[in-house]
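The chain contents come next:
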Amino acid sequence: QLRIDWPCSSGSSALPDAISALKQALGRSPCAAVCEQVPGAAALPKDVICKVHLKSFVEQQGLVGYDPNLDVLLVTEGKLRSLAELQQAVLQCTVSNPVALPASRFRDLIFFCQGQCCSIVHVVSCEEEFQQQQLDLLWRILDPGAHTALQKHLVCGPVKVTNPSSPIGADQYFQLRKRQMYEASVMKYGELAQDEAWTEVIDTLTVAAIRFEMLSTAHRSQITLDLEDSSISTKGTKSGAFVMYNCARLATLFDTYQRAVERGTYPSLPPASDLNFSCLREEGEWLLLFNYLLPFPEVLQQAAQLPSSSKGIRITANTETVCKFLIQLSMDFSSYYNRVHILGEPFPHLFDQMFARLRLLGAVRDMFHSALATLHLPPLSQI
């Protein structure tokens, strides 16, 4: 529903062979030892295969950033299956096409191809960081290839819900936000037609609202969701729906202009090199240029840097940088667009200014699309 496709290797016919190979590697590893039942101690789980000394491995390899409480890991069939899935996922990763694949049935991994090997980013909740570090180290021990040396961890803070009447899962959360988005749209636009076009618009707005709600907060911090919060509406200037609305306004502007050109009302837009940009004298126009268009590459660089070469195992992804940039851009663009009439009367002496403004807003539209693409959000062409 959030339009995220996670290819899964769990059904691979190669998994049994991969698990068998991992068991053989366990038998050869100097870090592994047979588990012996200690008299008086709690019985070991039946599916325990052996134990692995993680702490001594970390010390021998000089690894930095791992939890100091990591010591002995009881290796089970489930852990080997998860590890085999990771191996199969890496084998699917091609050099030319980085892909996102699941670490196991309860963790996510992102793979970034570098040369002939992968950088592996474990995206994991703070509650499961310890267990994922165990899996990381077990992988290094049993499969000491080049790719296992490039593992990093991106840790996400908890997601809390204020005053929940009952436990809420991802599906209920999505449906709740979708209903709220529909009701907010009815309030703004009147009763909506029950056709596929409106369903698609509401779904896209809901996805945008949820992504901005989640990604506007630094991933290390706690997110608190207020399920009754009206800021999810189309009116809130802090929401993803507001960003999508302004993106659609730009699409409508250029669609209106193109139809006018086809009717012969306006001439076609000349090349940028032929325009007189000194016609742009509005403060809002310079604001769009200097606060958004020029620094946009730097914003993307800040948001996308995953320093795999840094010491330690933790990395940071600044998704909130793009979200805040888009929200502020939408506010300033909306203020300018509400104040300035772009498509004026079809008089030749007004065309220079109109063309310059259209070129400027064309660049703003492209910037909207590029920024939304980093969040995997399609731009809306109309609302």
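The protein chain has the name DALR anticodon-binding domain-containing protein 3 in an unreviewed UniProt entry, where Charadrius vociferus is given as its organism.

On to the side chain of R211. Positionally, R211 belongs in helix α6 (residues 196-215). Reaching out from R211, the side chain makes a polar contact with the backbone oxygen of H376 at a distance of 3.0 Å.

The next point concerns the packing of aromatic side chains. For the structure on display, the rule yields 8 aromatic pairs. Here the aromatic rings of Y257 and Y266 are separated by 5.9 Å at their centres, their planes lie at 25 degrees, and the arrangement is stacked. For the pair formed by Y257 and Y266, the shared burial category is buried. Here the aromatic rings of F333 and F368 are separated by 6.3 Å at their centres, their planes lie at 75 degrees, and the arrangement is edge-to-face.

Below, the discussion takes up the sheet that holds strand β3 (residues 72-76). Taken in spatial order, the 3 strands of this open sheet run β1-β2-β3, and their pairing is antiparallel. One side of each edge strand has no neighbouring strand; the edge strands of this open sheet are β1 (32-33) and β3. Contacts from helix α2 (residues 54-61) reach β2 (48-53) and β3, with the element oriented near 35 degrees to β2.

This part takes up the pairing of β2. For β1 and β2, the ladder comprises 2 bridges, and the chain directions are antiparallel. Residue pairing in the sheet places A33 in a bridge with K51 of β2. As judged from the 5 bridges shared by β2 and β3, these two strands associate in the antiparallel manner. Directly across from V52, in β3, lies its bridge partner L73.

Note that E320 resides in helix α10 (residues 319-339). Although E320 lies buried, it forms no salt bridge, and the closest oppositely charged side chain, R220, sits 4.7 Å away as judged by the N-O distance. Beyond its immediate chain neighbours, meaning those up to four positions away, E320 contacts L215, S216, T217 and A218.

Cut-offs and rules
- Residues numbered from 1 in each chain as written.
- Predicted model: local features only at pLDDT ≥ 70, side-chain atom pairs only at ≥ 80, totals over all residues.
- Heavy atoms only, no water.
- Helix = DSSP H or I, 4+ residues; strand = E, 2+ residues; numbered from the N terminus.
- Polar contact = N/O pair within 3.5 Å; in protein donor to acceptor, adjacent residues only side chain to side chain.
- Phe/Tyr/Trp six-rings, centres within 6.5 Å; stacked < 30°, edge-to-face > 60°.
- Buried < 20%, exposed > 50% of the residue type's maximum accessible area, 1.4 Å probe, protein only.
- Pairing = 2+ DSSP bridges.
- Contact = heavy atoms within 4.5 Å.
- Axes fitted to C-alpha atoms, helices over the stretch in contact; angles between N-to-C directions.
- Lys, Arg positive; Asp, Glu negative; His and termini not counted.
- Salt bridge = Lys/Arg side-chain N within 4 Å of Asp/Glu carboxyl O.

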